[in-house]
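# Tertiary structure, described
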Amino acid sequence: MLDVKSFRWPETLFALSCASGLFVYGVAVGRYEVFPYRMLASATDSLSLVVRHRGTLLGSRPTEFLGPSRYPGAGVTTRHADRMAPGVTLLSGFFEGGNEIRLIRSDGSIVNRWPVRFSELFPNTDHVEPKTNVPRSDWNAEIHGALPLRDGSVVFNFNYLGTAKLDRCGAVQWTLPHMTHHVVSPGVNDTLLIPSYRHVVRESRFEELHPPYLDEMILRVSLDGKVLSEISVLDLLYRNNYQGVLFRTHPSGDFIHVNDVEELPAALADRFPMFEPGDLMLSLRSGSVVLVLDPRTERIKWYQAGPWRGQHDPDFLPSGRILIFNNNEDRTLTGSLFGGSNIMEVDPGSGEVKYRYGADPGQRMYTESSGKHQALPGGNVLITEAKVGRVIEVDPNGQIVWEFINRYDDEALALVSEATRYPADYFSVADWSCPRPGPAVARK
């Protein structure tokens, strides 16, 4: 029996008090994110990343580039040549075990290939990605944003790791070791527009923002790889009193996430009376925001948050509307909560939205991140369902007239980060044959 008189009551009560205090403090750590919440969260995230990247880290399977085998077939599985927009299609993604940019015909045959390796193009770059602390290799440095030029050269990003220009045979013209990402867009006067960022880890120039966080910029780059100017997106939002968007989501510091920049061409300017030629349209994924600004004054002229969620690739249309890839992100694997991704148009004057594809029965698709689209002549739309390796072209009635499936094996499809159609006469190249096939290697 318990000897009440000899029981050590003070020590026991002290231990119970400590346990109760630790329990209460543990609840407070989770509820109010006080110390050591960030350390525990960081440790948990690191373990989760190691588990998720284990195939890549071990060199056994390129898990970062693979998605579920949601669709059957491989290569071009549907082709109605009489209903397609003519031309050749540029694909960037993961092909035959490595990163590659391809130019293909409508039947899937290859016009030209640019195999690329991050380790060879950027041999002296820190191979740890600052946002995740995951060691970079050729199996997790993703091509995100590619622009072919008329002479057959191509400019592309390794997402968050740098930009490179290759000639039509894969020889390196230049590299830009900035943290560039998502898109390479044509600008006026033979320039390129590319998002980039700095990783702020110590002093913040904004009182409300506590490091670490990402300070995002829009770079204007010359065709020979020189940075001509930059716009800070943080400065832009604060100057226009839109800083509230920074605190809507992503407390981890990725609270802007620019995933597109597009310049309004003079040929379309009269369709958008609110804007001027040269105005820039930005897509900010974290706040589900699309905005248009004057790069000369850095004044925001138009801003709308939703109804899209985690959107990508807004484009100016000749109709005076803006076409948007609505990822409709819902943090499920299949988009089951909100019904999947879709393509929608918005009128910037009235805010009216209508759907072009993805909202009707039989049109189901979903990519939780990435994703591209392109309005084609005749009303067709080319759509890149990136994370599951599928590209489709749909006609104005929503019927699929072309489909490409990037199969990896029986269980998985491989990433296609972007597909863009170009008229056959876009390129000035008469002969695509090259004397030195193979992956691009940086010049010493």
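Residues numbered from 1 in each chain as written. Predicted model: local features only at pLDDT ≥ 70, side-chain atom pairs only at ≥ 80, totals over all residues. Heavy atoms only, no water.

### What to know about the overall build of the chain
Helix and strand content of the chain: five helices and 29 strands. In the chain, which comprises 444 residues, the share counted as buried stands at 52%. Sequence-distant contacts in the chain: of pairs separated by 6 or more residues, those separated by 24 or more amount to 55%. (Helix = DSSP H or I, 4+ residues; strand = E, 2+ residues; numbered from the N terminus. Buried < 20%, exposed > 50% of the residue type's maximum accessible area, 1.4 Å probe, protein only. Contact = heavy atoms within 4.5 Å.)

### A word on the packing of aromatic side chains
What the rule picks out here adds up to 18 aromatic pairs. Between phenylalanine 118 and phenylalanine 158 the ring centres are 5.6 Å apart and the planes differ by 80 degrees, which places this aromatic pair in the edge-to-face class. Of this pair, phenylalanine 118 sits in helix H4 (residues 118-121) while phenylalanine 158 is found in strand S9 (residues 154-158), placing the two residues 40 residues apart along the sequence. Exposure remark for phenylalanine 118: the relative accessible area of 0% places this residue in the buried category. Residue classification places phenylalanine 158 among the buried positions, given a relative accessible area of 0%. Taking the centre distance of 4.4 Å and the plane angle of 15 degrees together, the rings of tyrosine 242 and tyrosine 303 count as stacked. Taken together, the residues span a long stretch of sequence, with tyrosine 242 in the loop between helix H5 (233-239) and strand S16 (258-263) and tyrosine 303 in strand S19 (residues 299-305) at a distance of 61 residues. Residue classification places tyrosine 303 among the partly exposed residues on the basis of a relative accessible area of 25%. An aromatic cluster of at least three residues, connected via ring pairs, comprises Trp114, Tyr422, Tyr426, Phe427 and Trp432. Its end group placed over the ring of phenylalanine 338, arginine 309 keeps NZ or CZ at 3.9 Å from the ring centre. (Phe/Tyr/Trp six-rings, centres within 6.5 Å; stacked < 30°, edge-to-face > 60°. Lys NZ or Arg CZ within 6 Å of the ring centre and 35° of its normal.)

### Observations concerning the side chain of asparagine 157
Here asparagine 157 lies in strand S9. Within the local environment of asparagine 157, its side chain forms a polar contact with the backbone oxygen of histidine 181, the two atoms lying 3.5 Å apart. (Polar contact = N/O pair within 3.5 Å; in protein donor to acceptor, adjacent residues only side chain to side chain.)

### Looking at unusual backbone geometry
Across the chain, the bulk of peptide bonds are trans and the bulk of non-glycine residues have phi less than zero. Here the amide bond leading from proline 211 into proline 212 is cis, since omega sits at 5 degrees, within 30 degrees of zero. Note that proline 212 resides in the loop between strand S13 (191-200) and strand S14 (213-222). A cis amide bond links glycine 306 with the next residue in sequence, proline 307, at an omega value of 20 degrees. With respect to the helices and strands, proline 307 occurs in the loop between S19 and strand S20 (312-316). With phi around 60 degrees, asparagine 241 is a residue other than glycine that occupies positive phi space. A positive phi angle is found at serine 288, which is not glycine, with a value near 55 degrees. Its place among the elements puts serine 288 in the loop between strand S17 (280-284) and strand S18 (289-294).

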